[in-house]
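Residue-level listing of the chains:
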Amino acid sequence: MAFKLPPLPYPETALEPHISARTLQFHHGKHHKKYIDTLNQLIEGTAFAGQSLEDIILATADDLSQQKIFNNAAQTWNHSFFWQCLSPDGGGRPDGALMDRIQADFGSFDKFRQDFSTAAQGQFGSGWAWLTEDGGRLKIMTTGNAGLPLTHGETALLTCDVWEHAYYLDYQNDRAKFVDTFLSELANWKFAQHQPEGAAAGKEPRRAQQRGQIAARMGAAAQRSEKKTSQQQG
Ligand code: ZN
């Protein structure tokens, strides 16, 4: 089964004036689609065909020989997640348990907001800013290019795409303004607050398993490079 471009969870005009229909047409209809089409081409006829996106991502992370597959699989996942993180009714502050957790782990919502903005603006080049959950604690992380929390054993709650293709048509090079608008007007806290519940409801063993898989794979990669070194020496 080839991967398919998921439809946007809202009409293309729904996020205007903050994100234009034109940006979504390119970002969703061209960029996201291209990652999925490329991924499908790359995995056709390989052992990855038929595997879940998460399994492909975990199996190819940190493996330079599989970097193309990783990049396209991770960008497929990241964008599907990102569309859910935007809402015409978004922005402002979360309520309920998620607000309590943000206040507990960052000191205040304003401090979280400041730290998230600084991280998103400070990500050099293309990448992503994330609110994640790691062992019951909320954290902010950034990843370069196609990177994502999954390969760090963390659960994504919310993300902001800071690739220029996410904002250039509407904001040109003003990433700070785009990130500020994301937080003020678009961030889908209702979606984010369902993510830690998922984590609490049994994702922990899966994360532990993922950590195990990553450790095993890194061990295998180390063995491969040792073997290569000994072959070169022999
Ligand atoms: Zn993007």
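Refer to the structure above for everything that follows.
An account of the accompanying structure is given in this report. Predicted model, so just to flag it, every value in this text is computed and none were measured.

### Topic: the packing of helix H4 (residues 96-106) against helix H5 (residues 109-122)
At step 1: Running from amino to carboxyl end, H4 crosses H5 at an angle of 75°, the nearest separation of the two axes being 8 Å. Taken together, the axes of H4 and H5 lie roughly perpendicular to each other. On the side of H4, the interface is formed by Met99, Ile102, Gln103 and Phe106, while H5 contributes Phe109, Lys111, Phe112 and Asp115.
At step 2: Considering only residue class, the contact of H4 with H5 consists of 5 nonpolar, 1 polar and 2 charged.

### Looking at the pairing of strand E2 (residues 137-144)
At step 1: Sheet topology note: the strand E1 (residues 127-134)/E2 ladder contains 8 bridges and is antiparallel. Across the sheet, Glu133 pairs through a bridge with Leu138, a residue of E2.
At step 2: Here E1 hands over to E2 after 2 residues, with Gly135 in that stretch at a positive phi of 55°.

### Describing the packing of H5 against helix H7 (residues 175-186)
At step 1: The contact between H5 and H7 brings their axes to 10 Å, and the two run at 145°. Here H5 and H7 pass one another in a crossing that is right-handed. Where H5 approaches H7, its residues Arg113, Phe116, Ser117, Ala120 and Gln121 are matched on the opposing element by Arg175, Ala176, Val179, Asp180 and Leu183.
At step 2: Broken down by class, the residue content of the contact of H5 with H7 amounts to 5 nonpolar, 2 polar and 3 charged.

### Observations regarding the pairing of E1
At step 1: Among the 8 residues that make up E1, 6 are buried, leaving the element largely enclosed by the rest of the structure.
At step 2: Pairing analysis gives 6 bridges linking E1 to strand E3 (residues 155-161), with the strands arranged antiparallel. Paired with Thr132 across the strands is Ala156, a residue of E3.

### Structural notes on the sheet that holds E1
At step 1: Pairing within the open sheet is antiparallel, and its 3 strands lie in the order E2-E1-E3. Taken across any chain shown, the strands that pair with only one partner, and hence form the sheet edges, are E2 and E3. Taken over all neighbouring pairs, the strand axes of this sheet differ in orientation by 25° on average, direction set aside.

Basis of the calculations
- The residue count restarts for each chain, going from 1 along the sequence in the order it is written.
- Thresholds applied to this predicted model are a pLDDT of at least 70 for local features of residues and 80 or more for the giving and counting of side-chain atom pairs; totals over whole chains, interfaces and linings are not thresholded and use all residues.
- Orientation is described by lines fitted to C-alpha atoms, with helices fitted over the stretch in contact, and by angles between N-to-C directions that extend from 0 to 180 degrees.
- Going along the chain from the N terminus, every DSSP run of H or I of four or more residues is numbered as a helix, and every run of E of two or more is numbered as a strand.
- Any angle between 65 and 115 degrees counts as roughly perpendicular, while under 35 counts as roughly parallel, over 145 as roughly antiparallel, and the rest as oblique.
- C-beta atoms are placed from the backbone for every residue, and two residues are taken to be in contact when these atoms lie within 7 Å.
- Under the convention adopted here, Pro, Cys and the residues Ala, Val, Leu, Ile, Met, Phe, Trp and Tyr are nonpolar, Asp, Glu, Lys and Arg are charged, and Gly plus all remaining residues are polar.
- The rule for pairing is simple: two strands pair if DSSP sees at least two bridges between them.
- Rotating anticlockwise by less than a right angle from the far helix to the near helix defines a left-handed crossing, while the corresponding clockwise rotation defines a right-handed one.
- Three classes are used. A residue is buried when 20 or more other C-beta atoms lie within 10 Å of its own, exposed when 12 or fewer do, and partly exposed in between, with C-beta atoms placed from the backbone.

Nothing here speaks to function; it is all geometry.
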